[in-house]
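Below, each chain spelled out in residue letters.
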Amino acid sequence: MKRNSLLALLNAYTPEDGIEKEMYQDTIAFVKAHPDCFERSLEIGHVTASGLVLSPDEQSVLLMHHQKLGRWLQPGGHCDGDPDTEQVARKEIWEETGIKHLELHKPGIFDVDIHLIPERKGLPAHNHYDIRYAFKAVPGQEIVVNDESLDVQWISLNNVGQLNDSESVVRMIRKVTA
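Fair warning: this is a prediction, and the values are worked out from it, not measured in the lab.

Scoring rules and cut-offs
Residues numbered from 1 in each chain as written. Predicted model: local features only at pLDDT ≥ 70, side-chain atom pairs only at ≥ 80, totals over all residues. Heavy atoms only, no water. Core = buried A, V, L, I, M, F, W, Y, C linked by side-chain atoms within 4.5 Å. Buried < 20%, exposed > 50% of the residue type's maximum accessible area, 1.4 Å probe, protein only. Helix = DSSP H or I, 4+ residues; strand = E, 2+ residues; numbered from the N terminus. Contact = heavy atoms within 4.5 Å. Disulfide = S-S within 2.5 Å. Pairing = 2+ DSSP bridges. Salt bridge = Lys/Arg side-chain N within 4 Å of Asp/Glu carboxyl O. Expected span 1.5 Å × (residues − 1). Arc of directions from axis to C-beta.

Student: Is there a simple way to explain the nonpolar core in this structure?
Tutor: Among soluble globular proteins, nonpolar side chains are generally buried collectively. Core analysis: the biggest nonpolar cluster contains 32 residues, and L6, L10, V47 and I109 have the highest contact counts within it. Among the elements of the structure, α1 (3–11), α2 (19–33), β1 (45–54), β2 (60–66), α3 (85–97), β6 (111–117) and β7 (126–137) are those that each provide at least two residues to this core. Sequence-distant contacts of L10, that is, excluding residues within four places in its chain, are made with Y24, T27, I28, I109, V112 and I131. V61, L157, V160 and I173 belong to the second largest nonpolar core, which has 15 residues in total.

Student: Help me understand the state of the cysteines in this model?
Tutor: In a disulfide, the sulfur atoms of two cysteines are covalently bonded to one another. Per the counting criterion, the structure on display carries zero disulfides. Cysteine C79 remains unbridged, with the sulfur of C37 as its closest cysteine sulfur at 8.1 Å.

Student: How should I be thinking about the pairing of β6 in this particular structure?
Tutor: Most of β6 sits out of view: five of its seven residues are buried. Summarising the sheet, β6 and β7 pair through seven bridges and their orientation is antiparallel. Looking at β7, one finds that H115 is bridged to H128.

Student: It is not clear to me how the environment of H128 should be interpreted in this structure. Could you clarify?
Tutor: Position of H128 relative to the elements: it lies in strand β7. Classification of H128 as buried rests on a relative accessible area of 10%. It is 11 Å that separates the C-alpha atoms of H128 and P118, two residues lying ten residues apart in sequence. If we ignore the near neighbours within four places in the chain, the residues touching H128 are H46, T48, H78, D113, I114, H115 and I117.

Student: What is the right way to look at the pattern of salt bridges in this model?
Tutor: Side chains bearing opposite charge may pair, as long as their charged atoms lie close to each other. If you walk through the whole model with that rule in mind, you get 16 salt bridges. Its salt-bridge partner being D80, residue R40 comes within 2.9 Å of it at the nearest N-O pair. Taken together, the residues R40 in the loop between α2 and β1 and D80 in the loop between β4 (76–78) and α3 connect sequence positions 40 residues apart. You can call R40 partly exposed: its relative accessible area is 46%.

Student: How should unusual backbone geometry be read in this particular structure?
Tutor: What you tend to see is this: most non-glycine residues have negative phi, and most peptide bonds are trans. One non-glycine residue with positive phi stands out, namely D80, at about 50°. We classify D80 as partly exposed; its relative accessible area is 44%. Positive phi outside glycine occurs at K121, with the angle close to 50°. The residue K121 is located in the loop between β6 and β7 in this model. Looking at K121, the relative accessible area reads 73%, which means it is exposed.

Student: What am I meant to see in α3 here?
Tutor: Structural remark: α-helix, 3.6 residues per turn; residues separated by three or four positions point the same way. An ideal rise of 1.5 Å per residue puts 18 Å on 13 residues; α3 measures up with 18 Å between its terminal C-alpha atoms. Listing the buried residues of α3 in full gives T85, E86, V88, A89, E92, I93, E96 and T97. On an axial view of α3, the arc spanned by its buried residues comes to 160°, and they lie on one face. Backbone geometry just downstream of α3 places G98 in the positive-phi region, at approximately 85°.

Below, the structure written as structure tokens:
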């Protein structure tokens, strides 16, 4: 069963109390209930993967100004059938930012989030059950902006809240600065 590896990672993870813990429990229930949870064709929602990328000196994070959503976010995207969420996060980071060489900042899942994607171009509103990892970029890599973003930048950890003050993003920054 493709879901077993993700369920094992989720079972090994301890979320923050409160909102993240609720989303974590809802994510486990969703994955258990839907054998096709990694498929974009599951219109009520699907598992996605993203990565918070720290700079080599761990003073900044790599954020992209998402073209469709109009917000500064960590890179990530759809699993499209791939149950290896860490590899999906790595692939999405590379495709969306040009940063390919990454070390895990912390082994295993770093954060779990559920966010609603609004209806767009005939696709119904749906949830992304986002499995997040924390990485540290290997020095000497150049950022590349692709067509999914308006911009990609290293943002000082102290300034992230000025670009995106959502609990989803602030929680990840809180975790890396704790």
